[in-house]
Amino acid sequence: YKLTKKEIRENKKLSKKRIYIEHVICCLKRFKILACRYRHNTKKYNTTFKNIAGLYNMKLDLAWN
């Protein structure tokens, strides 16, 4: 089964988005919140995750400026 040129272009667009997202997930796993089982208070999971995501976004913002 061969892909059409349109399908190839669409796959390339999708892969560019996916690789960016995979890099973000990899960076978040360095904090171990996504890499391991979360063993702390589950009520604070969202707050903890949002704080880590905020730190990552701040790092990106500093890198772009």
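Here, every reference points to the structure presented above.
Presented here is a report on the structure given in the accompanying data block.

Conventions adopted
Residues numbered from 1 in each chain as written. Predicted model: local features only at pLDDT ≥ 70, side-chain atom pairs only at ≥ 80, totals over all residues. Heavy atoms only, no water. Helix = DSSP H or I, 4+ residues; strand = E, 2+ residues; numbered from the N terminus. Expected span 1.5 Å × (residues − 1). Buried < 20%, exposed > 50% of the residue type's maximum accessible area, 1.4 Å probe, protein only. Contact = heavy atoms within 4.5 Å. Salt bridge = Lys/Arg side-chain N within 4 Å of Asp/Glu carboxyl O. Core = buried A, V, L, I, M, F, W, Y, C linked by side-chain atoms within 4.5 Å. Phe/Tyr/Trp six-rings, centres within 6.5 Å; stacked < 30°, edge-to-face > 60°.

## Considerations on helix α1 (residues 5-29)
Part 1 of the reasoning: A rise of 1.5 Å per residue sets the reference length of α1, with its 25 residues, at 36 Å; its end C-alpha atoms lie 36 Å apart and thus fit the reference within 8%.
Part 2 of the reasoning: For α1, the set of buried residues is Val24, Cys27 and Leu28.
Part 3 of the reasoning: Of the surrounding elements, those touching the buried residues of α1 are α2 (45-64).

## As for the pattern of salt bridges
Part 1 of the reasoning: The tally for this structure, following the rule as stated, stands at one salt bridge.
Part 2 of the reasoning: Residues Arg18 and Glu22 are paired through a salt bridge, measuring 3.4 Å at the closest nitrogen-oxygen approach. Of the two residues, Arg18 and Glu22 both sit in helix α1, four residues apart, roughly one turn of that helix.
Part 3 of the reasoning: For Glu22, a relative accessible area of 40% translates into the label partly exposed.

## Some thoughts on the nonpolar core
Considering soluble globular proteins, one finds that nonpolar side chains tend to be buried as a cluster.
Part 1 of the reasoning: Counting six residues, the largest nonpolar core is built from Val24, Cys27, Leu28, Ile33, Ile52 and Tyr56.
Part 2 of the reasoning: Among the elements of the structure, α1 and α2 are those that each provide at least two residues to this core.
Part 3 of the reasoning: Broken down by element, this core gets its largest block of residues, three residues, from α1.

## Here's the deal with the environment of Cys27
Part 1 of the reasoning: With respect to the helices and strands, the residue Cys27 is situated in helix α1.
Part 2 of the reasoning: Here the alpha-carbon distance between Cys27 and Tyr56, two residues 29 residues apart in the chain, equals 7.9 Å.

## Focus on the packing of aromatic side chains
Part 1 of the reasoning: Applying the stated criterion across every chain yields a total of two aromatic pairs.
Part 2 of the reasoning: Seen from their ring centres, Tyr38 and Tyr45 are 4.8 Å apart, and the 80° between their planes marks the pair as edge-to-face.
Part 3 of the reasoning: The exposure class assigned to Tyr38 is partly exposed, which follows from its relative accessible area of 21%.
Part 4 of the reasoning: A ring pair is formed by Tyr45 and Phe49, whose centres lie 6.4 Å apart and whose planes are at 20°; its orientation type is stacked. Of this pair, Tyr45 and Phe49 both sit in helix α2, separated by four residues, roughly a single helical turn.
Part 5 of the reasoning: Tyr45 sits in the partly exposed class, given a relative accessible area of 26%.

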